[in-house]
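# Close look at the chain arrangement
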Amino acid sequence: MSKKAVIEGSMAVAEAVKACRPKVISAYPISPQTHIVEDLAKMIADKELDSTMVRVDSEFSAASVICGASATGVRAYTASSSQGLLLMTEVLFNTAGMRLPIVITGVNRTISAPITIQPDHQDTMTLRDAGLIQLYVENSQEAYATHIQAFKIAEDREILLPVMVCMDGWILTHSFEPVEIYDQELVDKFLPEYDPLYCLDPEKPITYGSYADNEVMEFRYMMQEAMERAKDKIQDVALEYKELFGEYYGGLIEEYRTEGADVIVVAMGSVLGTIKDAVDEMRENGQKVGAIKVRSYRPFPAEELYNAVKDASIIAVLDKSLSIGQGGPLATDTKAAFYNKKAPKVASFMAGLGGREVTKETIKNIVYKCKKALELNIVADMEFVDLRREII
Amino acid sequence: MVENMELLAPGHRACPGCGTAIATRLILKATGKDVIVVTSTGCLETFTSPYGQSAWEVPWIHSLFENGAAVASGVKEALKAKGNNHTKVVVISGDGGSFDIGFGAISGMFERGHDITYICYDNEAYMNTGVQRSSSTPYAATTTTTPAGVASYGKLEPKKDMPSIALAHGIQYVATASICYPQDLIRKVKKAISINGPKYIQVHVPCCIGWGFDPSETIEVGRLAVETGLVPIYSIEKGKPMEVRKVSDRKPVEAYLKKQNRFKHLFKGEEYKEVVAQLQKICDDNFEYFGLAK
Ligand SMILES: Cc1ncc(C[n+]2csc(CCOP(=O)(O)OP(=O)(O)O)c2C)c(N)n1
Ligand SMILES: [Mg+2]
């Protein structure tokens, strides 16, 4: 029997990871990732989870331990945030390049300077080119589901790429919500034991991480192809999960009340909860507004996104990270996906940086601005929402 | 008993006279086939692993420059999880990857007590990137980043004492070795892998390109390093007295220095007499501290 409990988002992740039975876990503490790792440590101490936790000297080592363990043929897991994810960066590119199917929780927190523990997506978005599949989740239950799906996607022999599950720090990791925790048997049925295609084994010696001068292009091509295949895989795994667990959070994207919508708000992560509430209220007032959650940022769902919004007049893309000197990465990728197509206008909004609150009013204001832009036929390049001009 | 099969296949791309290639071949003779080797970025990784032409007949992984010890920790934990208690995990990494950029990861691995034999092949500089200084580069040696000039006589700092740092972690076994004494090296690697816990072996490997000598003289130069006392050869097993390789035919440090271009600036006139004396003093101190005299 599954059990429903009011637990912290971090505990929901720990429960999901436990159910996936990784053999090696390694991590280094950083807020707001800490509770996940502490919960797992306790599960191991209580013999609820048969796994080794390697308490390392840095995130760089944590990612390296996971890399080595995965190459030796076991399921391996790590989690980090912010500065820790940046310190892992070199290893994560490398692990992806060696096609090792590790799973990482990217607990979103912004990057220093200025230093703060507040959340936004600056950390994980910085890793978008690393060759990781990146899935952003909206709530604790989805975090639970997505971690279980993540191992299945990563380990699929058609994919073999690391999966990073991105979840907003504090907002999700430290808030209590009712979460359904499923039976081990059910999870085992969904996610069989890891059976590596290759691994370091004296019986069958292979070389990992060779030097290559004239093959890099082909390696990258194969990663790109795997990412393309992952689009179907993410969708299929989500549907399979739905069949077994009865829950569905979307495949690559989730559409919310987009039917007949004039204005559609596109965003990622926990802010979707607020956006959906705002959409409900606006719909009640007769406004034709919808929302789209981008669940998979890498691979980027260009086609799915286009098909979902193509009949709208304008879409508002809400970014929680900034490619400084360019703009919001989600908006940039969205615009690229629409180029050469008959598409709605795209308005770009920078919101929630460093934990700046995004309320239903913020969303309504954004929608209002989109309508104004349509009226005037002028769409601004990018707008910082709720900027405190008095301190600039 | 040493492994008869060559586990480092011939035809790799090392320079003629490469000390690192000799060291690696000998290390694998000692480990045999039941081993997983982790190597950090550097010459060894580059000359043994061109894609599709790997020289490794044992399972081998190279991840990055600064994470050999941590990757090895993951390999070890995975083996344990698979119930494999026999396969040895051995790191073979350069001095740059060990003394400098990978230092934190090694310290962490030692402190965690992982059953790993960490072998540093010490060619005393970053050779793969063109002979830049490392903290293993000896005092007064020139490298491309510590060139001699009117204002400098090469590297101004002494070589970092990694074996002592390893020892300070309280690990099970610390040894130095040289490719010029193959039986000694093999014996030490065998000893290390037979002990449970972290072990550190530092193997002195002459590099003809980086140090500036003829490729035919690799062994001669390596011997002189030991015979002058500049590179003491010893081992310490936890709880036991230090074992030292005695020097029977002691040579002055100049005999070693004059063989190599990296020290030749010290002999252009009288200017650096003091520096040479300083190097001789390092040798004298080693003779005394380690009891090198026969
Ligand atoms: C993070 C990082 N910094 C720098 C380099 C460039 N690099 C590659 S190998 C190397 C030097 C390796 O020196 P060492 O460990 O002594 O091995 P050797 O080349 O002498 O065999 C350097 C600096 C790198 N690969 N990664
Ligand atoms: Mg070196």
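Keep in mind it's a predicted model, so treat the numbers as computed, not measured. (Residues numbered from 1 in each chain as written. Chains lettered and ligands numbered in written order. Predicted model: local features only at pLDDT ≥ 70, side-chain atom pairs only at ≥ 80, totals over all residues. Heavy atoms only, no water.)

### Quick look at the packing of aromatic side chains
Scanning all chains against the criterion turns up 19 aromatic pairs over all chains. Geometrically, the ring pair formed by Tyr256 of chain B and Phe263 of chain B is tilted, given 6.4 Å between the ring centres and 50° between the ring planes. Taken together, Tyr144, Tyr182, Phe190, Tyr241 and Phe245 of chain A form an aromatic cluster joined through their ring pairs. Stacked on the ring of Tyr297 of chain A, the Lys or Arg Arg298 of chain A has its end atom at 4.3 Å from the ring centre. Lying over the aromatic face of Tyr306 of chain A, Lys341 of chain A brings its terminal NZ or CZ to 5.1 Å of the ring centre. (Phe/Tyr/Trp six-rings, centres within 6.5 Å; stacked < 30°, edge-to-face > 60°. Lys NZ or Arg CZ within 6 Å of the ring centre and 35° of its normal.)

### Some details on the sheet that holds strand β4 (residues 76-80) of chain A
Residue and element names in this part refer to chain A. Taken in spatial order, the seven strands make up an open sheet running β3-β2-β4-β5-β7-β6-β13, and their pairing is mixed. Two strands close off the open sheet at either side, each with one partner strand: β3 (52-55) and β13 (296-298). Ignoring which end each strand starts from, the neighbouring axes of this sheet average 20° apart. As judged from the four bridges shared by strand β6 (residues 133-136) and strand β7 (residues 163-168), these two strands associate in the parallel manner. In the strand pairing of β7, Tyr136 is matched with Cys166. (Pairing = 2+ DSSP bridges. Helix = DSSP H or I, 4+ residues; strand = E, 2+ residues; numbered from the N terminus. Axes fitted to C-alpha atoms, helices over the stretch in contact; angles between N-to-C directions.)

### Description of the layout of surface pockets
Residues and elements named next belong to chain A. Approximately 1600 Å³ is the volume attributed to the largest pocket. Forming the walls of the largest pocket are 48 residues, and the residues nearest its centre are Gly97, Met98, Arg99, Phe219 and Met223. Among the elements that line the lining of the largest pocket, the one with the most residues is helix α8 (residues 216-245), at nine residues. Of the residues contributing to the lining of the largest pocket, the split by class is 24 nonpolar, 14 polar and 10 charged. (1 Å grid on protein atoms, 1.4 Å probe; cavity = no way out; pocket = protein on both sides within 12 Å on 5 of 7 lines; lining within 4 Å. Points joined across faces, edges and corners; volume = space filled by probe spheres on them. Nonpolar A, V, L, I, M, F, W, Y, C, P; charged D, E, K, R; others polar.)

### Re the coordination of the magnesium ion (ligand 2)
Ideal values for angles at a metal depend on the geometry: 109.5 degrees with four tetrahedral donors, 90 or 180 degrees with six octahedral donors. Residue and element names in this part refer to chain B. Only Asp95 (OD), Asn123 (OD1) and Ala125 (O) from the protein reach the magnesium ion (ligand 2) as donors, at distances of 2.0 to 2.1 Å. Positions of the donor residues of the magnesium ion (ligand 2), expressed as sequence spacing, correspond to D-x27-N-x1-A. In this pair, Asp95 sits in helix α4 (residues 95-100) while Ala125 sits in the loop between β4 (117-122) and β5 (148-149), placing the two residues 30 residues apart along the sequence. Of the two residues, Asp95 and Ala125, both sit in the buried class. (Donors = N, O, S within 2.8 Å, 3.2 Å for Na, K, Ca; no water. Buried < 20%, exposed > 50% of the residue type's maximum accessible area, 1.4 Å probe, protein only.)

### Description of the packing of helix α3 (residues 59-71) of chain A against helix α4 (residues 82-97) of chain A
All names here are of chain A. Two elements in contact, α3 and α4, have axes whose closest approach is 7 Å; the angle formed by their N-to-C orientations is 25°. Taken together, the axes of α3 and α4 lie roughly parallel to each other. At the point where α3 passes α4, the crossing takes the right-handed sense. Only Gly84, Leu87, Met88, Glu90, Val91, Leu92, Asn94 and Thr95 of α4 make contact with α3, whose side of the interface consists of Glu59, Phe60, Ala62, Ala63, Ser64 and Cys67. (Parallel < 35°, antiparallel > 145°, perpendicular 65-115°, else oblique. Left-handed = near helix turned anticlockwise from the far one by under 90°. Contact = heavy atoms within 4.5 Å.)

### As for empty space enclosed by the protein
One pass over the structure, following the stated rule, counts three cavities of 30 Å³ or more. Its volume calculated, the largest cavity comes out at about 50 Å³. A breakdown of the residues in the lining of the largest cavity according to their chemical character gives four nonpolar, two polar and two charged.

### A short note on the sheet that holds strand β2 (residues 60-62) of chain B
Pairing is mixed across the open sheet formed by nine strands, whose spatial order is β9(A)-β2(B)-β1(B)-β3(B)-β4(B)-β8(B)-β7(B)-β9(B)-β10(B). Two strands close off the open sheet at either side, each with one partner strand: β9 (207-208) of chain A together with β10 (243-244) of chain B. Of the strand pairs in this sheet, strand β7 (residues 173-178) of chain B and strand β8 (residues 199-204) of chain B are connected by six bridges, and their pairing is parallel. In the strand pairing of β8 of chain B, Ala177 of chain B is matched with Val203 of chain B. Helix-sheet contacts for helix α1 (residues 19-31) of chain B involve β1 (35-39), β3 (88-94), β4 and β8 of chain B, and the interaxial angle to β3 of chain B is about 170°.

### Notes on the site of ligand 1
Around ligand 1, 18 residues are found, and the nearest of them are Gly96, Gly97, Tyr121, Ala125 and Asn128 of chain B. Around ligand 1, the neighbouring residues derive from chains A and B rather than from a single chain. Take Asn123 of chain B: an N or O atom from its side chain is 3.0 Å from an oxygen atom of ligand 1. Here Ala125 of chain B contributes a backbone N or O atom positioned 3.0 Å from an oxygen atom of ligand 1. With the chains in place, 78% of the 580 Å² that ligand 1 exposes on its own is no longer accessible. (Near = heavy atom within 4 Å. Polar contact = N/O pair within 3.5 Å; in protein donor to acceptor, adjacent residues only side chain to side chain. Areas by Shrake-Rupley, 256 points an atom, 1.4 Å probe, with all protein chains shown as cover.)

### Overview of the side chain of Asn123 of chain B
Within the secondary structure, Asn123 of chain B sits in the loop between β4 and β5. What Asn123 of chain B contacts, discounting residues up to four positions off in sequence, is Thr20, Asp95, Val205, Cys207 and Trp211 of chain B.

### Overview of the pattern of salt bridges
One pass over the structure, following the stated rule, counts 49 salt bridges over all chains. Across the pair Arg257 of chain A and Asp280 of chain A runs a salt bridge whose closest N-O atoms are separated by 2.8 Å. In this pair, Arg257 of chain A is assigned in the loop between β10 (253-256) and β11 (263-267) and Asp280 of chain A in helix α9 (residues 271-284), connecting sequence segments 23 residues apart. For Glu6 of chain B, the salt bridge is made with Arg25 of chain B, and the minimal N-O distance between the two is 2.9 Å. Taken together, the residues span a long stretch of sequence, with Glu6 of chain B in the segment before α1 and Arg25 of chain B in helix α1 at a distance of 19 residues. Residue classification places Arg25 of chain B among the partly exposed residues on the basis of a relative accessible area of 38%. Linked through salt bridges whose partners overlap, the residues forming this network are Glu138, Glu142, Glu254, Lys276, Lys293 and Arg295 of chain A. (Salt bridge = Lys/Arg side-chain N within 4 Å of Asp/Glu carboxyl O.)

### Comments concerning the domain arrangement of chain A
One frequently used descriptor of interface size is the decrease in accessible area upon assembly of the parts. All names here are of chain A. Taken domain by domain, chain A comprises domain 1 (2-245) and domain 2 (253-384). Relative to domain 2, the C-alpha centre of domain 1 lies at a distance of 28 Å. At the interface, 27 residues of domain 1 touch 26 residues of domain 2. The junction of domain 1 with domain 2 conceals about 2100 Å² of combined surface from both sides, 52% of it contributed by carbon and sulfur atoms. Its salt-bridge partner being Asp168, residue Lys320 comes within 4.0 Å of it at the nearest N-O pair. In this assembly, domain 1 and domain 2 are joined by 15 residue pairs in polar contact (both at pLDDT 80 or more). Looking at the side of domain 1 that touches domain 2, the elements with two or more residues in it are α5 (122-126), β6, α6 (140-155) and α8. Each residue belonging to the side of domain 1 that touches domain 2 can be placed in one class, and the counts come to 13 nonpolar, seven polar and seven charged. (Domains from an automatic or database assignment. Buried area = accessible area lost by both parts, 1.4 Å probe.)

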